[in-house]
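So the chains spell out like this:
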Amino acid sequence: MTASSPTSHPAATTLGELRASGHVSRGVADELRENLLLRLRAGEDAFPGIVGFEDTVLPELESALLAGHDIVLLGERGQGKTRIMRTLVTLLDEWTPEVAGCEIHDDPYAPVCVRCQGLLAAQGDDLAVAWRHRDDRYTEKLATPDTSVGDLIGDVDPVKVAQGRTLGDPETVHYGLVPRANRGLFGLNELPDLAERIQVALFNVLEERDIQVRGYSLRLPLDVFLVATANPEDYTNRGRIITPLKDRFGAEIRTHYLSEVSDEVTLLRQEAGLVAEVGDHLLEVLARFVHLLRESSSVDQRSGVSARFAIAAAEGVAASALRRAARTGDSNDAGAVARVCDLGPVLPTLLGKIEFEMGEEGRERAVLDHLLRLAVAATFRERLSGLDLSGFTSVFAEGAVVETGDLVPAADVLSQLGTVPGLAKVLDRLGYGDAASRGQVAAAVEFVLEGLHLTRRIEKETVDGRTVYGAA
């Protein structure tokens, strides 16, 4: 614990007591820089929850923060821009003092608003001080075309004027979101959507660090760290960041989609709210599926394929498993377990998350089905390569068939197949081990059957919404 960064909630105090405690005031950029340096020197994760950017985005972000630069995060939808923006608040001191009751959270040592300057002059060291948690020092605004200068910067408060104050009185100003974010972080999502005349209002904030409200002779030096996000202009066509404003941001950082399947799986585990068990092999299928979509010529790559697509897919797969458990009683002590048959039913719900090329009209579902099959086959080869799966194929060579589907219980799948040599090694490869539940065993079996079909070792046909595997 340091005097400038208490780790527990401090009691409200006075300016005199604050001075006596040895507290040292510092600006937001200094806080971010010094706290980031502490994490880097300690080998800690400076940006918890940010996956797959360790060698690309994060070094640029660290340099921008160390330089004290305001930042524009530029990239396609679903690349974690907002998540990065919100994570920056963890680099602020946990608690910071402010003048009690101040609308713009003035520094007790150097207040900038008229009210607090008057209180300091009148009360001196008896000036009341309150403590503010870092979570409350983050303000976020979604830029929309109807956002006004008053929303961001401020305007005359008619109520205060009606109470008898003159229009020239600075205390008649109603502060907007930016002044209220004083001594904190201000995040502006989708900056190009902000009307160009409104973007002009941010010039002074970024360059001179003050605001101007209408015709007031008011200079309000603010301590605000500004972070904005934007999609590439060639895709959105809804607006642009005007050149003088871009020039005032210290750093423009490009984000990207995750390049590694393992990172995509980590992100799914972290972000998806799964209501049933979804094995890593199925999350790998979804990760590869998303990567194939991002490479497909059938998909409009200018719009991108958001990470939210994969998250929604994982949640849908888990929901399908839970639905089966509720409808058929297919659950045990381990709960509902997702299987390959749960992948297909979620595809129709995901179509609205992708923009296809014009020539693919009417073929959208076929494109998804094809790429999903490729993802399953690639995961099957990656996970089970080198294993002897002849025990499975020999069962079908003897004339057996296995019927499965999103409403077929695990017990029915397993009873049709019987005992299979080599199943234990499959369970081990998929991370289930010797103590696998019935649902996990069925998930492993169905994954193998689908993989064998896709590698042309057994046949498959769909009958009345159910899948039947048989001899080739």
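Calculation criteria
Position numbers for residues count from 1 along each chain, tracking the sequence in the order it is written. Only residues with pLDDT of at least 70 are given local features in this predicted model, and only at 80 or more are side-chain atom pairs given and counted; all residues enter the totals for whole chains, interfaces and linings. The basis for every side-chain value is the complete set of heavy atoms in the structure, and neither hydrogens nor water enter the calculation. These domain boundaries are the output of an automatic or database domain assignment. Here's the idea: put two parts together, see how much 1.4 Å probe accessible area each one loses, and the total over both is what we call buried area. When a carboxyl oxygen of Asp or Glu is within 4 Å of a side-chain nitrogen of Lys or Arg, the pair counts as a salt bridge. Runs of H or I in DSSP of at least four residues are treated as helices and runs of E of at least two as strands, each being numbered from the N terminus. For every residue, the accessible area obtained with a 1.4 Å probe (protein chains only) is divided by the maximum for its type, and the residue is called buried under 20%, exposed over 50%, and partly exposed between those limits. Contacts between residues were defined by any pair of non-hydrogen atoms, one from each residue, lying within 4.5 Å.

The next point concerns the domain arrangement of the chain. Under the domain assignment, the chain is made up of domain 1 (15-254) and domain 2 (261-470). Computed over C-alpha atoms, the centres of domain 1 and domain 2 are 46 Å apart. Summed over both sides, the interface between domain 1 and domain 2 buries roughly 1000 Å², with carbon and sulfur atoms accounting for 45% of that surface. Along the contact surface separating domain 1 from domain 2 lie 1 salt bridge. For E271, the salt bridge identified is with R83, shortest N-O distance 2.2 Å.

Applying the stated criterion across every chain yields a total of 23 salt bridges. Between R86 and E140 there is a salt bridge; the shortest N-O distance is 2.8 Å. In this pair, R86 sits in helix α4 (residues 81-87) while E140 sits in strand β5 (residues 138-142), placing the two residues 54 residues apart along the sequence. On the basis of relative accessibility, which here comes to 45%, the residue R86 falls in the partly exposed class. Close ionic contact of R324 with D342 constitutes a salt bridge, the shortest N to O distance being 2.8 Å. Of the two residues, R324 sits in helix α15 (residues 307-328) while D342 sits in the loop between α15 and α16 (347-350), which places them 18 residues apart along the sequence. In this pair, the class of R324 matches that of D342, namely buried.

Looking at the element boundaries, T467 is found in strand β13 (residues 466-471). What makes T467 buried here is its relative accessible area of 17%. The residues contacting T467, other than those within four sequence positions of it, are V402, E403, T404, K460, E461 and T462.

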